[in-house]
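# Working through the structure, step by step
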Amino acid sequence: MAHKAEPPDGGWGWMVVLSAFFQSALVFGVLRSFGVFFVEFVAAFEEQAARVSWIASIGIAVQQFGSPVGSALSTKFGPRPVVMAGGILAALGMLLASFATSLTHLYLSIGLLSGSGWALTFTPTLACLSRYFSRRRSLATGLALTGVGLSSFAFAPLFQWLLSYYAWRGALLLVSALSLHLVACGALLRPLSLAEDPAVGGPGTQLTSLLHHGPFLRYTVALTLINTGYFIPYVHLVAHLQDLDWDPLPAAFLLSVVAISDLVGRVASGWLGDAVPGPVARLLMLWTTLTGVILALFPVALAPTALVALAVAYGFTSGALTPVAFSVLPELVGTGKIYCGLGLVQMVESIGGLLGAPLSGYLRDVTGNYTASFVVSGAFLLAGSGVLITLPHFFCFSAPTSKPQDLVTETLGTKVPLPSEGLGEE
Amino acid sequence: MRALPGLMGPRAPLLPLLLLCLLAAARPSLADGHPSASPFTTPPVREETMAKYSNLSLESHNISLTEHSNMPVEKNITLERPSNIKLICQFTTSGDLNSVNVTWRKDDEILETNYLNATGSILYTQYMFTIVNSKQMGSYSCVFGEKKEQRGTFNFKVPELHGKNKPLINYVGDSVVLKCKCQDCFPLNWTWYSSNGSVQVPVDVQMNDKYVINGKNANETRLKIMQLSEEDRGSYWCHAIFQLGESEEHIELVVLSYLVPLKAFLAIAAEVVLLVAIILLCEMYTQKKKEHSDDGKEFEQIEQLKLDDSNGIENNAPRHRKNEAVGQ
């Protein structure tokens with residue numbers, strides 16, 4: 001197949017967006033709606049809720065720590081076979097779980113097996129998406145990530161209905177059939193050869209070169225800090241509302257409103273990220289700072305109208321920073337190394353995610369309310385946005401996004417005169 | 001006073017003597033029931049019963065009625081074990097209290113004794129008795145007036161079992177635990193029944209490899225059914241047995257075979273295989289089209305080169321001749 005000079009920015013790329021949309025729905029939507037199964041597991045195995053919730057925690061941990069493996073494999077073999085194999089693994093895990101007779105079986109089948117399946121699907125797909133788009137990258141990523149929010153709306157009632165009709169064994173069997181669609185999504189990921197692919201080498205070379213890449217490391221640190229603060233409000237908003245004597249029904253309604261504004265924020269930020277010239281890292285810093293400030297303001301707002309306004313704003317800005325966070329990476333490391341880069345970033349930032357929620361819970365236990373935990377999570381976000389300022393080309397107002405040819409020369413360390421365009425910015 | 005039936009009527013001469021004896025005998029039992037001095041006295045019929053059941057607790061319940069109440073007033077009382085009961089009704093009217101007819105009834109059967117007192121414009125009536133078996137449970141009413149009745153009803157019931165209404169769904173070969181729990185009560189015994197058509201049939205507990213009944217506390221019971229088969233599906237009842245009656249709860253058990261979700265699974269898996277095949281075939285088709293169009297382009301290019309070559313050969317010939325002509 002002939003090497004393309006540039007990402008196509010459309011055409012088959014929109015099918016990749018569709019595939020990524022369904023994959024984020026099938027991976028994260030299933031994970032987020034799994035709480036519906038927990039009640040059944042607690043009753044069926046007569047275990048405590050804390051032990052049952054380990055199932056999802058193991059699944060998420062395996063998915064995030066296994067991301068580099070998925071990336072390395074897709075650098076070598078292309079995303080399509082890796083994602084299809086991941087889909088089969090994820091479905092197999094759920095299938096075996098439907099025969100489980102103890103909680104350990106569920107830890108191994110859903111946590112380990114399905115988790116590794118999910119690790120092989122999500123990261124390679126997002127990386128493949130970044131390779132297909134350059135001008136409209138943020139919009140494409142934003143659209144693909146809306147799958148997470150929409151599927152959370154759809155899957156929770158669907159799983160309830162499955163449970164009431166088939167009980168948990170049959171419901172797991174059918175969720176496994178649902179996860180098989182990941183294989184179909186993987187088939188949509190047509191391999192794309194870009195100009196810089198031969199230059200960047202195999203997975204091992206890429207990993208070592210990434211670990212010596214200054215901006216990449218700083219970006220990883222920034223994302224880890226952001227991740228530590230990012231998940232806290234999702235987990236603790238409901239409890240905070242209850243502390244302020246809100247009724248359960250208005251609180252649940254507020255969460256739905258936050259989810260909707262999150263969706264709108266994703267798409268809007270995706271469009272904005274492509275429309276505004278210059279490094280996307282600046283937009284990421286803007287959204288992160290705004291989210292941090294809003295979080296720090298949460299304890300101050302006591303009136304219901306102020307709380308609703310803050311919650312909607314939080315939903316918008318936190319949704320806005322997700323597609324931009326994924327778009328910064330190709331600008332830093334180039335589309336050739338995107339698979340390995342994304343895998344490493346996911347693995348390291350998961351440490352932040354794992355630490356964030358327990359830290360916040362600990363602060364709440366120590367201080368008695370959520371003021372400290374909201375302020376601390378806001379501080380983490382502001383620290384992350386501070387690190388983002390150190391990224392290259394941050395203050396250049398005229399610099400367009402890096403072209404792939406320039407990144408090839410930077411990687412090789414030699415100046416090779418290229419016929420098509422001169423080296424505009426160095 | 002003529003309007004009041006009961007002791008004030010034919011037995012009037014004996015009354016003062018009886019009252020004196022009864023007051024003497026009844027004072028201890030009145031004292032532990034009511035600290036304040038009650039204007040009422042205990043009837044002669046229940047002297048022995050009060051002494052026999054003096055170790056039971058005393059429950060006291062009140063209903064207030066006015067002459068303008070449109071709806072009958074009811075009070076539901078949950079009773080688990082035998083107790084002494086004191087029911088008090090008070091009736092407020094603006095008319096003549098002496099002309100009001102007062103009766104106590106149990107399930108529309110008029111009870112013999114009743115006692116009343118009139119203070120100001122409020123008429124008090126009291127009925128005391130003991131409940132020791134299930135026949136004495138039911139509805140006790142105090143009825144004021146004859147033409148326009150005002151009725152207050154006390155309904156005595158055993159504690160009810162509240163359970164989930166969702167059917168339990170299990171698969172063939174699984175084991176299931178049916179649970180019945182009573183919230184704040186402690187039944188004497190629990191029994192389980194299954195359905196055979198519309199008849200309740202006791203569960204055969206002797207089959208130890210099929211049914212196991214146990215309960216951790218006195219207020220709950222568990223029936224574990226192992227090796228489920230399709231015949232085990234249907235309705236199950238757990239009965240909580242109290243001294244004063246029984247209450248039951250209904251549980252629905254549904255047993256599915258694995259084929260039911262398996263068919264759905266296979267259908268969806270087949271759909272996924274079809275999708276993958278369509279996607280890959282489409283891709284191969286578009287690639288072949290591209291190759292053919294590429295071949296077509298190469299063919300045109302070769303044709304173009306051939307035309308150029310032939311033009312060159314034709315041109316060369318005259319030049320060659322010209323050169324030869326020049327060279328001579």
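Shown above is the structure to which this text applies.
Residues numbered from 1 in each chain as written. Chains lettered and ligands numbered in written order. Predicted model: local features only at pLDDT ≥ 70, side-chain atom pairs only at ≥ 80, totals over all residues. Heavy atoms only, no water.

Here the focus is the interface of chain A and chain B. Contact residues are listed per partner, giving 26 residues for chain A and 22 residues for chain B. Both sides together, the interface formed by chain A and chain B hides about 1900 Å², and carbon and sulfur atoms give 70% of it. If you sort the residues of chain A by the area they bury against chain B, Tyr166(A), Arg169(A) and Leu173(A) come out on top, with a joint share of 23%. At the junction of chain A with chain B, the criterion picks out three salt bridges. Here Arg80(A) makes a salt bridge to Glu283(B), at a shortest N to O gap of 2.4 Å. (Contact = heavy atoms within 4.5 Å. Buried area = accessible area lost by both parts, 1.4 Å probe. Salt bridge = Lys/Arg side-chain N within 4 Å of Asp/Glu carboxyl O.)

On to the pattern of salt bridges, then. For the coordinates displayed, the defined rule picks out ten salt bridges over all chains. In this structure, a network of salt bridges that share partners links the residues Arg80(A), Arg190(A) and Glu283(B).

Moving on to the state of the cysteines. Residues and elements named next belong to chain B. Across all of its chains, the model carries three disulfides over all chains by this definition. Covalently, Cys 180 is tied to Cys 238 through a disulfide, its sulfur atoms 1.7 Å apart. Across the S-S bond of Cys 180 and Cys 238 the torsion is about -85°, and the bridge reads as left-handed. Taken together, the residues Cys 180 in strand β11 (residues 176–181) and Cys 238 in strand β16 (residues 234–242) connect sequence positions 58 residues apart. Judged by its relative accessible area of 1%, Cys 180 is buried. The residue that forms a disulfide with Cys 182 is Cys 185, at a sulfur-sulfur distance of 1.5 Å. For the pair shown, Cys 182 and Cys 185 are each scored as buried. Of note for chain B: the bonded cysteines, numbered N- to C-terminal, pair according to 1-2, 3-6, 4-5. (Disulfide = S-S within 2.5 Å. Helix = DSSP H or I, 4+ residues; strand = E, 2+ residues; numbered from the N terminus. Buried < 20%, exposed > 50% of the residue type's maximum accessible area, 1.4 Å probe, protein only.)

On to the environment of Gly278(A), then. Residues and elements named next belong to chain A. For Gly 278, the position within the fold is in the loop between α13 (248–275) and α14 (280–297). Here Gly 278 falls in the buried class, since its relative accessible area comes to 7%. Placed 117 residues apart in sequence, Gly 278 and Phe 395 show a C-alpha to C-alpha distance of 9.1 Å.

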